[in-house]
Amino acid sequence: MLIHIIRLFSRLPLRVHYAISDVMFFIMYRVARYRRKIVRKNLRTSFPEKTAGELREIEEKFYRWFCDYFVEAVKMMTASDEYMMQMLEYHGMEKVEEVLRSGQNIATMSGHLGNWELLSCTKLAVPGFQDWTLGLIYHALRNAAFDKLFIEIRSAHHGTCVKKQDILRELVRLRKAGRVSLFGYILDQSPKWENIHLWLPFLNHDTPVFTGAERIARKMHDAVFYIDMQRPCRGKYVFDFQLITLAPQDMEEHELTREAFKLLEANIRRQPECYLWTHNRWKRTHEEYDRMVAAGELKGHNS
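Criteria and cut-off values
- Residues numbered from 1 in each chain as written.
- Predicted model: local features only at pLDDT ≥ 70, side-chain atom pairs only at ≥ 80, totals over all residues.
- Heavy atoms only, no water.
- Helix = DSSP H or I, 4+ residues; strand = E, 2+ residues; numbered from the N terminus.
- Rg over C-alpha atoms; globule rule 2.2 N^0.38 Å.
- Contact = heavy atoms within 4.5 Å.
- Areas by Shrake-Rupley, 256 points an atom, 1.4 Å probe, with all protein chains shown as cover.
- Lys, Arg positive; Asp, Glu negative; His and termini not counted.
- Charge placed at Lys NZ, Arg CZ, Asp CG, Glu CD.
- Pairing = 2+ DSSP bridges.
- Axes fitted to C-alpha atoms, helices over the stretch in contact; angles between N-to-C directions.
- Phe/Tyr/Trp six-rings, centres within 6.5 Å; stacked < 30°, edge-to-face > 60°.
- Lys NZ or Arg CZ within 6 Å of the ring centre and 35° of its normal.
- Buried < 20%, exposed > 50% of the residue type's maximum accessible area, 1.4 Å probe, protein only.
- Arc of directions from axis to C-beta.
- Parallel < 35°, antiparallel > 145°, perpendicular 65-115°, else oblique.
- Left-handed = near helix turned anticlockwise from the far one by under 90°.
- Nonpolar A, V, L, I, M, F, W, Y, C, P; charged D, E, K, R; others polar.
- Salt bridge = Lys/Arg side-chain N within 4 Å of Asp/Glu carboxyl O.

With respect to the overall build of the protein
Phase 1 of the analysis: Regarding its fold elements, the protein presents 11 helices and 9 strands.
Phase 2 of the analysis: Whereas a compact globule of 303 residues would reach a radius of gyration of roughly 19 Å, the protein reaches 20 Å, a difference of no more than 12%.
Phase 3 of the analysis: A principal-axis box enclosing the C-alpha atoms of the protein has dimensions of 55 × 50 × 35 Å.
Phase 4 of the analysis: A sequence separation of at least 24 residues applies to 77% of the contacts in the protein between residues at least 6 apart.
Phase 5 of the analysis: Element-wise, carbon and sulfur atoms account for 52% of the exposed surface of the protein, whose accessible area totals about 15,100 Å².
Phase 6 of the analysis: Here the protein holds 45 positive side-chain charges and 38 negative ones, and the gap between their average locations is 7 Å.

Now the structure itself:
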């Protein structure tokens, strides 16, 4: 029933969606105070140079954007391709098309910044060349109905949803079929202890990061782009595809991941209110990790 209501809601004009978002903001921020402690801690420790007033301004803007994120994602379900392209502006697509036409696959790297769901519209930005696959990597949700809903949202504009554990299998299948692809990887997930192999300085924190995207790109010899995201105003997003390398296999180990995180941090600092601050992404410390390694509690990690 709820899913049916969401589908009906998606057909409403975007201005109505934003009016509902304003109500959601009041409830989430003023009444429920959803994850306010985590958001405030993340902002305070990420930007120690900012005043309390500056941090509070970012915090309020963040919650307004966060509510917009949900209604914008829902709108994607029934909006036409033409409608979505009125919201989106893409830069750097000439190079993306050139690489795809050459037969080389692409791996893009980005973070939970701007509305990352809208990147599932990327095929619309290369209208003269549609013979390629846009792979949207996702982690299946426990709730089957909502899992189906998000797959519907992400595949509404010619994207192909691929489960996280099936990435390599799908890349190999596409290569054997002679079909080029662009797969998007989100950098700033929080790895479990056993999946930590690299720590980086990120937003004033010693941060554990995944290196899987780099390993796949190196193995598959993919060209790698960073997607810079900006939101100049409500209802408008700008995605700039910036080439990092055509040959990740020639880079030093972890160099690609380090470069991508530098770009992501610079991107966040330009518009911090559009970053996902509700996640407790710095709950694991390097000190605790070193203790666990020394105690032999993590398989495959040597002290």
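Details of the sheet that holds strand β8 (residues 223–233)
The pairing of strands in a sheet comes from backbone hydrogen bonds and takes either a parallel or an antiparallel form.
Phase 1 of the analysis: With mixed pairing, 7 strands are arranged side by side in an open sheet as β1-β9-β8-β2-β5-β3-β4. The two strands at the open ends of the sheet, each matched to only one other strand, are β1 (88–91) and β4 (160–163). On average, adjacent strands in this sheet sit at an angle of 30° to one another, irrespective of strand direction.
Phase 2 of the analysis: Here β8 runs beside strand β9 (residues 236–245); their pairing, made up of 8 bridges, is antiparallel. Bridge pairing in β9 places Met229 opposite Phe239.
Phase 3 of the analysis: Here helix α6 (residues 93–101) sits on the sheet and contacts β1, β2 (106–110), β5 (181–186), β8 and β9; the angle it forms with β8, its principal contact strand, is near 155°.

Re the packing of aromatic side chains
Phase 1 of the analysis: The tally for this structure, following the rule as stated, stands at 20 aromatic pairs.
Phase 2 of the analysis: Here the aromatic cluster, defined as three or more aromatic residues joined through ring pairs, consists of Phe25, Tyr29, Tyr34, Phe62, Tyr63, Trp65, Phe66, Tyr69, Phe70 and Trp116.
Phase 3 of the analysis: Just above the ring of Trp132 sits the side chain of Lys123; from NZ or CZ to the centre is 5.3 Å.

As for the pairing of strand β7 (residues 205–209)
Regular strands have side chains that alternate between both faces of the sheet.
Phase 1 of the analysis: Counting buried residues along β7, 4 of its 5 residues qualify, which places the element largely inside the surrounding structure.
Phase 2 of the analysis: As paired elements, strand β6 (residues 198–202) and β7 share 5 bridges and run antiparallel to each other. Bridging from a neighbouring strand, Trp199 pairs with Pro208 of β7.
Phase 3 of the analysis: Connecting the antiparallel pair β6 and β7 is a turn made up of 2 residues, with Leu203 showing a positive phi of about 55°.

Structural notes on helix α3 (residues 36–46)
Phase 1 of the analysis: For α3, the set of buried residues is Arg36, Val39, Asn42, Leu43 and Ser46. Buried residues along α3 cover an arc of 135° about the axis, so they all sit on one side.
Phase 2 of the analysis: Next to the buried residues of α3 lie α2 (14–31), α4 (52–75), β7 and α10 (255–270).

Examining the packing of helix α8 (residues 167–176) against helix α9 (residues 212–220)
Phase 1 of the analysis: Contact geometry for α8 and α9: axes closest at 12 Å, N-to-C directions at 25°. Regarding the angle of α8 to α9, the classification is roughly parallel. For the element pair α8 and α9, the recorded crossing hand is right-handed. Note on element contacts: α9 touches α8 through Ile216, Lys219 and Met220, opposite Ile167, Leu168, Leu171, Val172 and Arg175.
Phase 2 of the analysis: Of the residues in the contact of α8 with α9, the class split is 6 nonpolar, no polar and 2 charged.

A look at the pattern of salt bridges
Phase 1 of the analysis: Per the counting criterion, the structure on display carries 23 salt bridges.
Phase 2 of the analysis: In this structure, Arg169 and Asp166 form a salt bridge, with 2.6 Å as the shortest nitrogen-oxygen distance.
Phase 3 of the analysis: The network of salt bridges with shared partners includes Asp22, Asp68, Glu72, Arg231 and Arg234.

Bear in mind that shape data such as this cannot, by itself, settle questions of function.
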